[in-house]
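Chains, contacts and geometry: an overview
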Amino acid sequence: MHFEYFIEGGNFAEAGSTSSQVKKTLKQLNVDGTVIKRTVVALYEAEVNIVAHAYSGKITVELDEEKIDIKIVDEGPGIPDIKRAMEIGYSTASPEVREMGFGAGMGLSNMKNNSDKLNITSTVGKGTEVEIINYFHL
Amino acid sequence: MKVQEVVKLINGTVMTGNKNPEVTVDVAFASDLMSDVLTIKAENLLLLTGLVNIQAIRTAEMSDISCIVFARNKNVTEEMIRLAEENGITVIESPYSLFRISGILFIAGMAPVY
Ligand SMILES: Nc1ncnc2c1ncn2[C@@H]1O[C@H](COP(=O)(O)OP(=O)(O)OP(=O)(O)O)[C@@H](O)[C@H]1O
Ligand SMILES: [Mg+2]
């Protein structure tokens with residue numbers, strides 16, 4: 001199965017609606033509850049990162065028998081130092097983002113903790129690509 | 001602890017239609033930082049927060065949190081209620097501060113996460 005979603009930067013009212021739809025799909029497919037929670041928490045963090053830090057993005061979800069593979073590609077400023085961005089507490093979030101309850105610099109490390117595989121690549125001035133892979137049975 | 005009992009202890013008002021009186025919560029976490037809430041793995045978690053916005057409901061949805069308490073009666077919007085109901089989340093408003101709510105529930109035996 002293959003799904004695509006588009007994300008608008010800055011639109012906090014809609015942030016999470018894609019993660020919500022993916023959660024409903026995984027529930028319908030009777031995926032294990034722990035796997036669902038891990039997957040949607042990681043995806044939600046990535047979705048909020050587009051809204052908070054980028055201009056627009058596309059989320060592609062690929063589902064097969066054994067795994068869910070999510071690609072989150074955005075057009076945005078990119079991340080100059082991914083290693084540093086992964087550190088807990090590092091954040092460039094604006095005051096508006098902090099008012100929404102985000103910007104603690106915990107998202108990327110939490111994404112790592114909630115995914116079996118996490119790949120991040122980024123080009124400054126162009127955008128960021130995040131891939132989350134979770135297996136249904138380990 | 002039954003959600004109903006929580007409501008009584010903190011002088012709360014249930015804002016959602018789905019009252020689920022049988023739902024129980026064993027552990028509570030108080031935070032206005034949604035990215036911190038999203039790191040918690042505990043089940044049957046009660047979220048206490050002063051951050052009243054749609055992302056608090058979304059965070060609960062993603063984290064399988066079935067009950068949220070908003071401290072100090074800040075206006076919960078229709079949209080928040082609708083989203084909570086859609087996801088079976090009970091929303092409670094309390095006139096008390098986050099500090100007071102936490103204290104009351106702690107004394108009543110609610111377990112902390114850390
Ligand atoms: N998609 C992105 N585009 C540009 N920069 C990003 C992106 N994602 C993350 N970053 C950068 O990496 C930093 C750390 O990201 P992380 O998700 O860990 O924390 P945060 O989003 O700032 O806060 P939190 O996730 O705790 O709400 C961000 O502050 C930002 O500078
Ligand atoms: Mg983030």
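Up top you'll find the structure we're talking about.
Residues numbered from 1 in each chain as written. Chains lettered and ligands numbered in written order. Predicted model: local features only at pLDDT ≥ 70, side-chain atom pairs only at ≥ 80, totals over all residues. Heavy atoms only, no water.

1. Some points on the overall build of chain B
Using the following cut-off: Starting at the N terminus, helices and strands are each numbered in turn, a helix being any DSSP run of H or I of at least four residues and a strand any DSSP run of E of at least two. Each radius of gyration is computed over the set of C-alpha atoms, and the globule rule expresses the reference value as 2.2 Å times the number of residues to the power 0.38. Per-residue and other accessible areas were derived by the Shrake-Rupley procedure at a 1.4 Å probe size, with only the shown protein chains allowed to occlude residues. Two residue types count as positive, namely Lys and Arg, and two as negative, namely Asp and Glu; His and chain ends fall outside the count. Throughout, a charge is located at the NZ atom of Lys, the CZ atom of Arg, the CG atom of Asp or the CD atom of Glu.
Within chain B, the secondary structure is distributed over five helices and six strands. Secondary structure of chain B in N-to-C order comes out as α-β-β-α-β-α-β-α-β-α-β. Compactness check: chain B gives a C-alpha radius of gyration of 12 Å against a globular reference of 13 Å for 114 residues, within 12% of the reference. In the structure as shown, chain B presents an accessible area of about 5,100 Å², 53% of it carried by carbon and sulfur atoms. Put simply, chain B has 9 plus and 13 minus side-chain charges, and the middle of one group is 6 Å from the middle of the other.

2. Remarks on the interface of chain A and chain B
How we decide: Any two residues whose heavy atoms approach within 4.5 Å are treated as being in contact. Summed over both partners, buried area is the accessible surface (1.4 Å probe) that two parts give up on being assembled. Whenever a carboxyl oxygen of Asp or Glu lies within 4 Å of a side-chain nitrogen of Lys or Arg, that contact is scored as a salt bridge. Polar contacts, as used here, are pairs of N or O atoms within 3.5 Å; protein pairs need one atom able to donate a hydrogen and one able to accept it. Residues neighboring in sequence count only if both atoms are side-chain atoms. All amino acids are sorted into three groups, where Ala, Val, Leu, Ile, Met, Phe, Trp, Tyr, Cys and Pro are nonpolar, Asp, Glu, Lys and Arg are charged, and the leftover types, Gly among them, are polar.
Tallying the contact residues gives 22 residues for chain A and 22 residues for chain B. Of the roughly 1,900 Å² buried between chain A and chain B, counting both surfaces, carbon and sulfur atoms make up 52%. Contact with chain B buries area across many residues of chain A, yet Lys37, Tyr44 and Met106 of chain A alone supply 28% of it, more than any other trio. On the surface where chain A and chain B come into contact, there are two salt bridges. With a shortest N-O distance of 3.8 Å, Lys24 of chain A and Glu86 of chain B are connected by a salt bridge. Seen at the junction of chain A and chain B, the total is 13 residue pairs in polar contact (both at pLDDT 80 or more). In the side of chain A that touches chain B, the residues fall into ten nonpolar, seven polar and five charged.

3. Topic: the nonpolar core
Under the convention used in this document: Residues enter a nonpolar core if they are buried and are Ala, Val, Leu, Ile, Met, Phe, Trp, Tyr or Cys, with the set joined through side-chain atoms within 4.5 Å. Only protein chains enter the accessibility calculation, which uses a 1.4 Å probe; a residue is then buried when its area is under 20% of its type maximum, exposed when over 50%, and partly exposed in between.
Of all hydrophobic cores here, the largest spans 62 residues; its most connected members are Ile72 and Phe102 of chain A together with Ile57 of chain B. For this core, the leading source of residues is helix 2 (residues 33-53) of chain A, giving eleven residues. Of all hydrophobic cores here, the second largest spans 16 residues; its members include Val3, Val7, Ala28 and Cys67 of chain B.

4. Some points on the sheet that holds strand 4 (residues 67-71) of chain B
All names here are of chain B. So the rule is basically this: For two strands to be treated as a pair, DSSP must find no fewer than two bridges joining them. Axes, fitted as lines to C-alpha atoms, cover a helix only where it is in contact. Angles between the N-to-C directions of the axes lie from 0 to 180 degrees.
Reading across from one edge, 1-5-4-3-2-6 is the order of the six strands in this open sheet, with mixed pairing throughout. Single-partner strands in this sheet number two, and they are strand 1 (13-14) and strand 6 (111-112). Looking at chain direction, strand 3 (residues 45-49) and strand 4 are connected through four bridges and run parallel. Within strand 4, the position partnered with Leu48 by the bridge is Val69. Against the sheet, helix 3 (residues 54-62) makes contact with strand 4 and strand 5 (90-94), and its axis sits at roughly 155 degrees relative to strand 4, the strand it touches most.

5. Let's talk about the pattern of salt bridges
In the structure shown here, the tally under the stated rule is ten salt bridges over all chains. Among the salt bridges present, the one from Lys67 of chain A reaches Asp64 of chain A, with a minimum N-O distance of 2.9 Å. Residue classification places Lys67 of chain A among the buried residues on the basis of a relative accessible area of 18%. Between Arg82 of chain B and Glu86 of chain B there is a salt bridge, with the nearest N and O atoms lying 3.3 Å from each other. A residue pair is termed a helical-turn pair when its members lie 3 or 4 positions apart in one helix, as Arg82 of chain B and Glu86 of chain B do in helix 4 (residues 78-86) at four residues. Given the relative accessible area of 48%, Glu86 of chain B is considered partly exposed.

6. Some remarks on the sheet that holds strand 5 (residues 127-135) of chain A
The pairing of strands in a sheet happens through backbone hydrogen bonds and is either parallel or antiparallel. Residue and element names in this part refer to chain A. Strands sit in the order 1-2-3-5-4 across an open sheet of five strands; the sheet is antiparallel. Each edge of the open sheet carries a strand with a single partner, namely strand 1 (2-8) and strand 4 (117-123). Going from strand to strand, the sheet's axes swing by 10 degrees on average, the running direction of each strand aside. Pairing of strand 3 (residues 67-75) with strand 5, which is carried by nine bridges, proceeds in the antiparallel orientation. By the bridge assignment, Lys71 is partnered in strand 5 with Glu131. With respect to the sheet, helix 1 (residues 17-28) is in contact with strand 1, strand 2 (56-63) and strand 3, its orientation differing from that of strand 1 by roughly 160 degrees.

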